[in-house]
Amino acid sequence: MFTSIQFLIEQAEKLQQPLHEIVIQFEISSSGRTRESLTADMTRRLDTMRSSVEKGLAGPVHTLSSLSKGNAYKYYSAINHSHNALTGPWLSRAIARAMAVGEVNAGMGCIVATPTAGAAGILPAVLLSLQEARGFSDSQLVDALFTAGGIGIVIVNRANISGAAGGCQAETGSAAAMAAAAAVELLGGTPQQSAHAVALALSNQLGLVCDPVAGLVEVPCILRNAGAVSQCFTAVDLAMAGVESLIPADEVIDAMERIGGRMDERFRETAQGGLAATPTGRALAQAFWKQARGENTNDL
Amino acid sequence: MENTRGLSIFDIIGPIMVGPSSSHTAGAVRLGLVARSIFGKQPDFAVIELHGSFAETGRGHGTDRALVAGLLGMEPSDEQIPSSFQLAREAGLKYIFKNVDLGESQHPNTVHFLLSSGDHKMEIAGSSVGGGMIAITRLDGFPVNLTAEFETLLIIGDDRPGTINAITARLYEEHINVAFFNVSRDQRGGQAIMIIETDDPIPVELMEYFTSFNWVHAVRRIPRLKE
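Residues numbered from 1 in each chain as written. Chains lettered and ligands numbered in written order. Predicted model: local features only at pLDDT ≥ 70, side-chain atom pairs only at ≥ 80, totals over all residues.

### Considerations on the overall build of chain B
As a reminder of what qualifies: Helix numbering and strand numbering both begin at the N terminus, where a helix is a DSSP run of H or I of at least 4 residues and a strand a DSSP run of E of at least 2. We compute the radius of gyration from the C-alpha atoms alone; for a globule the expected value is 2.2 Å times N to the 0.38, where N is the number of residues. Using C-beta atoms placed from the backbone, we call a residue buried if 20 or more other C-beta atoms fall within 10 Å of its own, exposed if 12 or fewer do, and partly exposed for counts in between. Contact between two residues is assigned when their C-beta atoms, built from the backbone, lie within 7 Å.
On a plain count of helices and strands, chain B comes out with 7 helices and 11 strands. A compact globule built from 227 residues should have a C-alpha radius of gyration of about 17 Å, and chain B, at 18 Å, falls within 12% of that. Dimensions along the principal axes, computed over C-alpha positions, put chain B at roughly 50 × 50 × 35 Å. Expressed as a percentage of its 227 residues, the buried residues of chain B come to 46%. Expressed as a percentage of contacts within chain B between residues at least 6 apart in sequence, the contacts between residues at least 24 apart total 69%.

### Quick look at the interface of chain A and chain B
Formally: Ten residues, namely Ala, Val, Leu, Ile, Met, Phe, Trp, Tyr, Cys and Pro, are considered nonpolar, four, namely Asp, Glu, Lys and Arg, are considered charged, and the remaining ones, Gly among them, are considered polar. Whether two strands pair depends on DSSP finding at least two bridges between them.
On the side of chain B, 33 residues touch chain A, which itself brings 44 residues to the contact. At the level of secondary structure, the elements contributing two or more residues to the side of chain A that touches chain B comprise α2 (19-31), α3 (35-58), α5 (88-106), β1 (110-112), α7 (138-158) and α13 (279-295) of chain A. By residue number, the principal contributor to the side of chain A that touches chain B is α7 of chain A, which donates 9 residues. For the side of chain A that touches chain B, a count of residues per class yields 25 nonpolar, 14 polar and 5 charged. The pairing of β1 of chain A with strand β1 (residues 16-18) of chain B spans 3 bridges and is classified as antiparallel.

### Points about the sheet that holds strand β11 (residues 216-222) of chain B
Residues and elements named next belong to chain B. Stated formally: Simply put, an axis is a line fit to the C-alpha atoms, just over the touching stretch for a helix, and the angle between two N-to-C directions goes from 0 to 180 degrees.
Here we have 4 strands laid out as an open sheet, ordered β9-β10-β8-β11, and antiparallel in their pairing. Whereas interior strands pair on both sides, the edge strands pair on one side only; in this sheet they are β9 (178-186) and β11. Direction aside, neighbouring strands of the sheet carry axes that sit 10° apart on average. Where strand β8 (residues 151-158) and β11 come together, 6 bridges link them in antiparallel fashion. Across the sheet, residue Gly157 finds its bridge partner in β11, namely Val216.

### Quick word on the environment of Ala100 of chain A
Residues and elements named next belong to chain A. Here Ala100 shows up in helix α5. Judged by the 29 C-beta atoms lying within 10 Å of it, Ala100 falls in the buried class. Sequence separation between Ala100 and Ser52 is 48 residues, and the spatial gap between their C-alpha atoms is 7.4 Å. Each residue touching Ala100, except ones within four places of it in the same chain, is listed here: Val53, Gly56, Leu57 and Ala72.

### Focus: the pairing of strand β7 (residues 142-146) of chain B
As paired strands, strand β6 (residues 133-139) of chain B and β7 of chain B are joined by 3 bridges and run antiparallel to one another. Residue pairing for β7 of chain B: Arg138 of chain B is matched across the bridge by Pro143 of chain B.

### Examining the nonpolar core
As a reminder of what qualifies: Think of a nonpolar core as buried Ala, Val, Leu, Ile, Met, Phe, Trp, Tyr and Cys residues chained together by C-beta atoms that fall within 7 Å. The split of the chain into domains comes from an automatic or database domain assignment.
Formed by 157 residues in total, the largest nonpolar core has its most connected members in Ile122, Ala179, Ala180, Val198 and Cys232 of chain A. With 12 residues, the single largest contributor to this core is helix α9 (residues 168-186) of chain A. Built from parts of two domains, this core gets at least three residues from each of domain 1 (16-148) and domain 2 (149-227) of chain B. In this structure, Cys168, Leu208, Val209 and Cys210 of chain A belong to the second largest nonpolar core, which totals 6 residues.

### Things to note about the environment of Ala55 of chain B
All names here are of chain B. Examined against the element boundaries, Ala55 turns out to sit in helix α3 (residues 53-57). Taking the C-beta count within 10 Å as the criterion, Ala55 has 22 such neighbours and is therefore assigned buried. C-alpha of Ala55 to C-alpha of Asn99: the two residues are 44 residues apart in sequence and 5.5 Å apart in space. With sequence-adjacent residues up to four places away left out, Ala55 is seen in contact with Leu50 and Asn99.

Given below as structure tokens:
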């Protein structure tokens with residue numbers, strides 16, 4: 001059913017319903033579950049998102065590799081202390097939240113994979129920051145998560161969401177697009193404006209490769225979540241101002257799929273290209289593996 | 001453009017899981033968990049052989065802790081997964097990890113468990129095939145395909161005529177709908193493994209009934225994986 005954003009928009013316009021309502025109705029009919037049970041499940045996800053953000057900002061997070069150095073806490077402390085982040089109070093705090101979830105994920109903490117574990121910081125960061133900035137209720141955020149999920153289903157059906165198949169554009173790009181549609185809806189934009197936000201957010205991340213140092217979900221993944229949040233905010237502000245993407249969202253998703261399909265294997269999560277293949281990336285990987293092998297003794 | 005794959009919204013907004021990787025962490029927990037269900041209880045001792053990417057990058061993704069956590073009965077969202085080594089000590093589970101090369105035909109994220117508890121021993125191999133999904137591929141030398149995406153009934157018994165009918169007739173009586181049915185046979189030993197995936201859970205009384213057949217050696221119920 002959800003094979004096109006255009007279809008979602010048309011349904012919403014025809015039925016005079018918000019996007020999340022179209023998605024919820026679809027899920028009710030495909031799963032046979034009640035609205036209450038779906039909402040309860042989604043609320044549990046929102047709760048987990050919030051606790052992952054809080055955990056990541058409470059203090060420096062230690063990851064298995066120690067490649068990450070508690071940057072979320074460092075950045076959050078700095079912007080709270082100076083109050084003059086160039087990105088402004090809301091985007092800067094959203095960036096901190098995205099990094100927080102990324103670090104909690106790398107430190108074997110509990111997160112919600114949205115749409116993947118590596119891109120898990122973006123949706124919580126955008127939605128919880130909008131709640132802080134504009135006072136949206138938890139139940140509005142839960143609705144917004146259904147909208148985001150509906151966009152994600154279209155992306156999976158037309159392209160994909162895994163770095164191994166489509167590069168980082170498929171992970172953090174998809175997450176930013178999903179979050180952008182949800183944010184526009186929360187801010188009172190039309191379904192059509194949500195579609196433009198999807199197209200703009202994804203357009204600005206086309207071609208992004210998946211190049212994790214040592215193959216770990218840390219460098220550059222955690223900071224790519226921060227970058228994707230910035231792209232999301234930009235797309236949302238543009239769409240809310242009435243700026244339109246000349247290329248429709250579905251065609252942008254199709255372009256992403258074609259780019260991913262032609263992407264060399266080195267740029268698809270294999271740690272053989274991009275930042276992973278730089279002299280410093282390789283040296284960090286070597287140091288990590290040396291340490292890991294040293295610890296690979298057993299507990300008998 | 002592909003048609004819809006029957007995805008749920010919760011496949012996209014979810015799962016709730018302990019990081020950092022759906023394949024190397026969440027999938028690894030599930031492999032341990034399903035191996036424990038197949039074994040029938042918590043093993044006292046586990047030799048855990050890691051192949052391919054599990055061997056090469058597993059440690060950085062907590063694959064080792066995740067596999068042990070699964071053997072202890074944890075789910076992918078359990079926040080105690082990072083402490084599984086300590087918890088294993090307390091629960092009386094000893095384990096040893098080995099890096100092995102199971103050949104190029106094996107999925108890169110493959111684990112081979114040798115589990116034991118007293119005289120009870122089992123060999124179970126499986127792979128984490130992406131997005132946290134898994135497949136158990138070998139069981140005591142038998143090739144199998146068990147994904148735990150359904151409620152699963154596993155029956156190990158003598159390979160002789162009429163056994164399939166004895167099982168399915170009773171399932172029919174109980175109105176349990178079979179989604180998939182697979183039999184794998186060891187020609188030499190004359191043993192057969194039946195993997196029966198059903199839409200509904202198998203009641204305990206039915207498990208006891210199947211266990212009472214004189215040709216049945218073991219009956220196991222593997223719950224459908226959640227999240």
